[in-house]
Amino acid sequence: MKPANDLEARFFAATPRSLERFSAHADATPGGVAKGAYFYRPYPLTMERGDGAYLFDVDGNRYADFANHHTGQILGHNHPAVMAAVQAQLQRGVAVGAPMGHETEVCAELCSRVASLERARFTNSGTEASLHAVRLARAFTGRNLIAKFEGCYHGSHDAVEVSVAPPLEAAGPAERPLPYAQAIGMSAGAVADTMVLPLGDLEATDRLIGEHAAELACVLLDPKTGITTRHGVLMVFDEIVGFRLARGGAQEYYGITPDLTTFGKIVGGGFPVGAFGGRADIMDRYHPTAGPGVGQSGTFASHPVTMAAGLAMLRELTPAAFEHLASLGDRLTRGLRKALTACPPPRDYRSSLDADKRWVSPLFLALLDRGFFLGHTLGMCSISVPTTPQMIDELVEAVADALRDPAVKTAATDG
């Protein structure tokens, strides 16, 4: 493997041990990584450890972490309260096949924070949470069709991996999008059972939901709750990422009251987790004495170590922590707007297609070169509690500096 340009040459020179690790096991798993989200060109970094707001790779390079494990490490790495809770639980047992108490404590914590949440259950991932929320909505309503918004991602199961990033030629009219199977191997029936809504067009959304209200089991991520309420359709709100916006999540921040909500990421304190919940009359279909109810299980769902870590993380997320994150977010937004004056923000998925994506990989590598680790698509980035205002300002300057770098421009325009 050889560098394709000067920017990659810098990367190779700074990370030889990551290249060795990647090359040594490239034949053991497709693409050399055991998780697709970890792959980027020319090869992914191998990290040695994380601490607070920083990551350290196997070559000893330090990076300010603005990816935070796909937004999941909101307290940063090795937070003492989370680590103490994990260590204490490990002394009690890793998994015992019976309740240990933390799982119901986390449910109570979630219900105390989220006004729409009366009952909750756990899964192993956000994808599973979405899968079971959709299944529950279908069981409760007796309807089969679901609706989601174009360009939105709710997990990697067939029902929702539709029109996440459809090519424009297959997307249909902007006001009436066509469902597009995002992954090869998906069930054709799943695609047919999913209606796609135009994000940002309330009039068209209202019209489409009204036309199909009698068939719709639920709408995922309705931007205006009144639409689903008026048409008698359940709304499933995706808080898998958005739960970091406020103590009660994005629904508190935006004033939305859904029927069901899906959770993940920070609810597990950095461990694999998913959760879903909502109105008692819907969730009580899972009650053990409910007769023919809805089934949902999983060997590692509500794993005691995950629950202990998640409870500790949630309790550290105080109003002061959210105020700090919001302040940093405002500071970063202002800074990036100044640095990116020539780049108008996209309004929706279709307008994002106009962006010149050739700059993404070069900018990512240039930021690594300057000591900043972001999501490699530059689309799954976040701030953690130990992030400082100085780190925000340094990131903004690094972005501006990278865009002036001739090696970045050459890699983008030649690529």
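Before any of the text, the structure's been laid out above.
The paragraphs below set out a description of the structure included in this document. Quick caveat: nothing in here was measured; it's all calculated off a predicted structure.

**Side note on the sheet that holds strand β11 (residues 372-373)**
Taken in spatial order, the four strands line up as β1-β2-β3-β11 in an open sheet, and their pairing is mixed. Lying at the two open borders of the sheet, with one neighbouring strand each, are β1 (47-51) and β11. Two elements, strand β2 (residues 54-57) and strand β3 (residues 62-65), share three bridges in a ladder whose sense is antiparallel. Each bridged residue has a counterpart across the sheet, and for Leu55 the counterpart in β3 is Tyr63.

**Brief notes about the pattern of salt bridges**
Side-chain pairs of opposite charge can arise where the charged atoms are in close proximity. Considering all chains together, one arrives at 16 salt bridges under this definition. Here Glu109 makes a salt bridge to Arg113, at a shortest N to O gap of 2.9 Å. Here Glu109 and its partner Arg113 are both found in helix α5 (residues 102-113), four residues apart, which amounts to about one turn of the helix. On the basis of relative accessible area, Glu109 is assigned to the buried category, the value being 13%. The salt bridge partner of Asp401 is Arg370, with a shortest N-O separation of 2.9 Å. Separated by 31 residues along the polypeptide, Asp401 in helix α16 (residues 389-404) and Arg370 in the loop between α15 (360-369) and β11 bring together distant segments of the chain. Within the structure, one salt-bridge network assembled from shared partners comprises Arg10, Asp369, Arg370, Glu397, Asp401, Arg404 and Asp405.

**Here's the deal with the packing of helix α4 (residues 80-92) against helix α12 (residues 304-316)**
Where α4 contacts α12, the two axes come as close as 8 Å, and the packing angle between them is 155°. Put simply, α4 runs roughly antiparallel to α12. Like other packed secondary-structure pairs, α4 and α12 cross with a definite hand, here right-handed. Where α4 abuts α12, its residues Ala81, Val82, Ala85, Val86, Gln89 and Leu90 lie against Pro304, Val305, Ala308, Ala309, Ala312, Met313 and Glu316. A breakdown of the residues in the contact of α4 with α12 according to their chemical character gives 11 nonpolar, one polar and one charged.

**Some details on helix α13 (residues 319-339)**
The terminal C-alpha atoms of α13, which comprises 21 residues, lie 30 Å apart, in line with the 30 Å expected from a rise of 1.5 Å per residue. Every buried residue of α13 is accounted for by Ala321, Phe322, Leu325, Leu328, Leu332 and Gly335. Taken down its axis, α13 places every buried residue within 155° of arc, on the same side. For α13, the exposed residues set more than 90 degrees away from the buried face come down to Pro319, Ala320, Glu323, Arg334, Arg337 and Lys338. Next to the buried residues of α13 lie α5, α12 and α16.

**Observations concerning the packing of aromatic side chains**
In this structure the tally under the stated criterion is 11 aromatic pairs. Consider the rings of Phe66 and Phe372, whose centres lie 6.3 Å apart with planes at 40°: the pair is tilted. Taken together, the residues span a long stretch of sequence, with Phe66 in the loop between β3 and α3 (68-71) and Phe372 in strand β11 at a distance of 306 residues. Phe372 carries the same exposure label as Phe66, and that label is buried. Put simply, the rings of Phe11, Phe12, Phe22, Phe39 and Tyr43 touch in pairs and so form one group of aromatic residues. When the ring centre of Tyr54 is taken as reference, the NZ or CZ atom of Arg62 above it lies at 4.0 Å.

Rules and cut-offs
- Residues numbered from 1 in each chain as written.
- Predicted model: local features only at pLDDT ≥ 70, side-chain atom pairs only at ≥ 80, totals over all residues.
- Heavy atoms only, no water.
- Pairing = 2+ DSSP bridges.
- Helix = DSSP H or I, 4+ residues; strand = E, 2+ residues; numbered from the N terminus.
- Salt bridge = Lys/Arg side-chain N within 4 Å of Asp/Glu carboxyl O.
- Buried < 20%, exposed > 50% of the residue type's maximum accessible area, 1.4 Å probe, protein only.
- Axes fitted to C-alpha atoms, helices over the stretch in contact; angles between N-to-C directions.
- Parallel < 35°, antiparallel > 145°, perpendicular 65-115°, else oblique.
- Left-handed = near helix turned anticlockwise from the far one by under 90°.
- Contact = heavy atoms within 4.5 Å.
- Nonpolar A, V, L, I, M, F, W, Y, C, P; charged D, E, K, R; others polar.
- Expected span 1.5 Å × (residues − 1).
- Arc of directions from axis to C-beta.
- Phe/Tyr/Trp six-rings, centres within 6.5 Å; stacked < 30°, edge-to-face > 60°.
- Lys NZ or Arg CZ within 6 Å of the ring centre and 35° of its normal.

Any functional reading would require information that these geometric values do not contain.
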